[in-house]
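Here is what each chain is made of, one letter per residue.
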Amino acid sequence: MTPILMLGAGSMGGALIDGWRAAGAFQAADLLIREPYTNPTLEAAAAAGALVNPADQILSRAKTVLLAVKPQMWREAAAEVAQHLAPDAVIVSIAAGVKSTDIAQAFGGRAVARVMPTTAVAIGRGTTSIYAASAEARARAHALFAPVGTAVDLADEELLHAATGVSGSAPAYLYAFVEALEAAGAAAGLPAADASRLARSTIAGAAALLAASGEEPAELRKQVTSPGGTTQAALEVLMGQGGFPDLLRDAVAAAARRSKELGG
């Protein structure tokens, strides 16, 4: 499945490069990278043997093409390279909302897998939703993303919109929550530095326990909620009208709606 042609090596592409290197999944020499802007990850990959911004005639070597540009730029990226690719090259796209049929058409009918990963692939803890009508393309997507986290197959391409809201966009929800928790701690009188340390360490520990214990989130919540205690008082605010259930339902719906809009 190599060489891998990466169209884009920004936040997500760079995270994948970091994750692959840490996991020993692919070597820098396996990568052909098209990216107009430099960054430390790209520079390190080039120094280790990746071919950055290769000439058009070299693109025919690519067995796998990772479409990792912003959704608004995908057609331009496809138009620049499609005619130079080998007929059996497989396309794996992370462009949110862009339909596999449109991608296949732009890449001359080649097999396509759509994926929605998270940037935690950089540390081998990513989560990737995968849809592909082609078994070969699905296997290719798994080969790229399974070494750097959890890969979940979806039976229907339309489910990728919801998966974007629940998974692809969700790390930002958590980071926003931690920001707000830090601010709330400072508002309650804690020094800002202490509020930051407490909030970040607590959330990271709770997430690690959820992953390690195998318990349902509801059960873990009950374990730390004494009747009439401080946690219950807080949860009555967070879980009440206009709280987490309503907010997250609306947030996921908004992300899914935007995903559909990006696909045209």
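So, a few notes on the structure that sits alongside this text. Since we're looking at a predicted model, the values are computed, not measured.

1. Focus on the side chain of Ser100
Take Ser100: it is sitting in helix 4 (residues 100–106). The class for Ser100 is buried, based on a relative accessible area of 13%. Apart from the residues lying within four places of it in its own chain, the contact partners of Ser100 are Val112, Arg114, Tyr131 and Glu157.

2. A short note on the packing of helix 6 (residues 159–168) against helix 7 (residues 170–187)
Across the interface, helix 6 lies against helix 7 with an axial gap of 5 Å and an inter-helix angle of 30°. In this structure, helix 6 uses Thr164, Gly165, Val166, Ser167 and Gly168 to contact helix 7, whose residues at the interface are Ala170, Pro171 and Tyr173. Here the contact of helix 6 with helix 7 is composed, by residue class, of 4 nonpolar, 4 polar and no charged.

3. Observations concerning the packing of helix 7 against helix 8 (residues 192–213)
To describe two helices that pack against each other, one gives the angle between their axes and the distance between the axes. At a minimum axis distance of 8 Å, the contact between helix 7 and helix 8 shows a crossing angle of 140°. By the angle between their directions, the pair helix 7 and helix 8 is classed as oblique. Crossing of helix 7 over helix 8 shows right-handed handedness. Contacts between helix 7 and helix 8 involve Leu174, Phe177, Val178, Leu181, Glu182, Gly185 and Ala186 from the first element and Ala195, Ser196, Ala199, Arg200 and Ile203 from the second.

Calculation rules
Every chain is numbered on its own, with residues counted from 1 as its sequence reads. Two thresholds apply to this predicted model, a pLDDT of at least 70 for residue-level local features and 80 or more for giving and counting side-chain atom pairs, whereas whole-chain, interface and lining totals are computed over all residues. Only hydrogens and water are removed before side-chain values are computed, so all heavy atoms of the structure are retained for them. Helix and strand assignments come from DSSP, with helices taken as H or I runs of at least 4 residues and strands as E runs of at least 2, each series counted from the N terminus. Accessible area is worked out with a 1.4 Å probe on protein chains only. A residue is then buried under 20% of its type maximum, exposed over 50%, and partly exposed in between. We call two residues contacting when some pair of their heavy atoms lies within 4.5 Å. Axes, fitted as lines to C-alpha atoms, cover a helix only where it is in contact. Angles between the N-to-C directions of the axes lie from 0 to 180 degrees. Classification used: nonpolar for Ala, Val, Leu, Ile, Met, Phe, Trp, Tyr, Cys and Pro, charged for Asp, Glu, Lys and Arg, polar for all others including Gly. Roughly parallel here means an angle under 35 degrees, roughly antiparallel means over 145, roughly perpendicular means 65 to 115, and every remaining angle is called oblique. By convention the crossing between two helices is left-handed if the near helix lies anticlockwise of the far one by an angle smaller than a right angle, and right-handed if it lies clockwise.

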